[in-house]
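Per-entry structural report
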Amino acid sequence: MTISETFFDDEFAEHASVLARTHETCRAEMQKMLAAWAGCARRGGKILFFGNGGSAGDAQHLATELSVRYKKDRAPIAALALTVDTSTLTAAGNDLGFENIFARQVEAIGRAGDVAVGISTSGKSPNVTKALQAARDKGLTAAAFAGRDGGDLVGLADPLIIVPSDTTARIQEMHILIGQILCGALEIELGLVSA
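The sections below set out a description of the structure shown in this document. (Residues numbered from 1 in each chain as written. Predicted model: local features only at pLDDT ≥ 70, side-chain atom pairs only at ≥ 80, totals over all residues. Heavy atoms only, no water.)

**Focus: the sheet that holds strand S1 (residues 47–51)**
Selection criterion: A pair of strands is considered paired only if DSSP assigns at least 2 bridges between the two. Secondary structure elements follow DSSP: runs of H or I no shorter than four residues count as helices, runs of E no shorter than two count as strands, and numbering proceeds from the N terminus. Axis geometry follows a simple rule: fit a line to the C-alpha atoms, using only the stretch in contact for helices, then measure angles between N-to-C directions, giving values from 0 to 180 degrees.
Taking strand neighbours across the sheet as the criterion, the 5 strands line up as S2-S1-S3-S4-S5 in an open arrangement whose pairing is parallel. Strands at the two margins of the open sheet, each flanked by one partner only, are strand S2 (79–81) and strand S5 (160–163). For this sheet the average axis-to-axis angle between neighbouring strands, irrespective of direction, equals 15 degrees.

Written as structure tokens, this is what we have:
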């Protein structure tokens, strides 16, 4: 059985459409996110990324781009994903409930001036919203990537990048694209690489 060419064409067309709308609507929030990340790095703070499923993968990917390198060797940028420590995740999930797995880590290692970046395609992940609230309570910048209408992250996260789509796959594609663009821009903004 062969997938029809129409299916491939439709997927590419939807991607292109979401890409164009994202490019139009997300620029201002991307600038705000870059400013938040750059300010944090200049103050010696760290950027904490977290999310579920594919968004957990994005959290790890973006933290790695910053702490190791993006395009060229340069000084590291302090960033970590709260999705990688299985002992912490399972202990917090078991003892405090799954909705608290990221909030507990933000409470433990977040410091005023750090940036917490929640990633949620729906904007309705309870463990992401609780972590962002914990971040705000501790004086961190609570920032996020979302899709659809932003869900519960509207009014909680600032900056908040909302991909204008209802399709999870397209939202995730834009999240990693935007995230990598921001990583490259941050290197340049901090003077670690030339444009």
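Let's pick the thread back up.
**Overview of unusual backbone geometry**
In this structure, Pro159 follows Asp158 across a cis peptide bond, with omega equal to 10 degrees. By secondary structure assignment, the location of Pro159 is in the loop between strand S4 (141–147) and S5. The phi angle at Arg148 is positive, at roughly 55 degrees, despite the residue not being glycine. With respect to the helices and strands, the residue Arg148 is situated in the loop between S4 and S5.

**Looking at a nonpolar patch on the surface**
Rules: Only residues above 30% relative accessible area that lack a salt bridge enter a patch, with like-charged residues linked at up to 9 Å and the nonpolar side chains Val, Leu, Ile, Met, Phe, Trp and Tyr linked at up to 5 Å. Accessible surface area values rest on a Shrake-Rupley calculation with a 1.4 Å probe, where residue burial reflects the displayed protein chains alone. Salt bridges are defined as contacts in which a side-chain nitrogen from Lys or Arg sits within 4 Å of a carboxyl oxygen from Asp or Glu. Burial status follows relative accessibility: with a 1.4 Å probe on protein chains alone, a residue under 20% of its type maximum counts as buried, one over 50% as exposed, and anything between as partly exposed.
The grouping of Ile3, Phe7, Phe8 and Phe12 at the surface amounts to a nonpolar patch, some 440 Å² of accessible area in total. As for its placement among the helices and strands, Phe12 is situated in helix H1 (residues 5–25). The class of Phe12 is exposed, set by a relative accessible area of 62%.

**Notes on helix H2 (residues 27–42)**
Formally: Here a helix's expected span is defined as the number of its residues, less one, multiplied by 1.5 Å. Should any heavy atoms of two residues lie within 4.5 Å, those residues are considered in contact.
Helix length check: H2, at 16 residues, gives a terminal C-alpha distance of 22 Å against a target of 22 Å (1.5 Å per residue), a fit within 8%. Turning to H2, its buried residues are Met30, Met33, Leu34, Ala36, Trp37, Ala38, Gly39 and Cys40. The elements touched by buried residues of H2 are S1, helix H3 (54–67), strand S3 (115–119), S4, S5 and helix H7 (168–189). Where H2 terminates, the next one or two residues include Gly44, which has phi positive at roughly 85 degrees.

**Examining the packing of helix H5 (residues 101–109) against helix H6 (residues 126–138)**
Inclusion rule: Roughly parallel means an angle under 35 degrees; roughly antiparallel means over 145; roughly perpendicular covers 65 to 115; every other angle is labelled oblique. With the far helix as reference, a near helix turned anticlockwise by less than a right angle produces a left-handed crossing, and one turned clockwise produces a right-handed crossing. By the convention adopted, Pro, Cys, Tyr, Trp, Phe, Met, Ile, Leu, Val and Ala count as nonpolar, Lys, Arg, Asp and Glu as charged, and the other residues, Gly among them, as polar.
Their axes nearest at 7 Å, the elements H5 and H6 cross at an angle of 20 degrees. Between H5 and H6, the angle falls in the class roughly parallel. Crossing of H5 against H6: the hand is right-handed. Of H6, the residues touching H5 (which contributes Ile101, Phe102, Ala103, Val106 and Glu107) are Asn127, Val128, Lys130, Ala131, Ala134, Ala135 and Lys138. Split by residue class, the contact of H5 with H6 holds 8 nonpolar, 1 polar and 3 charged.

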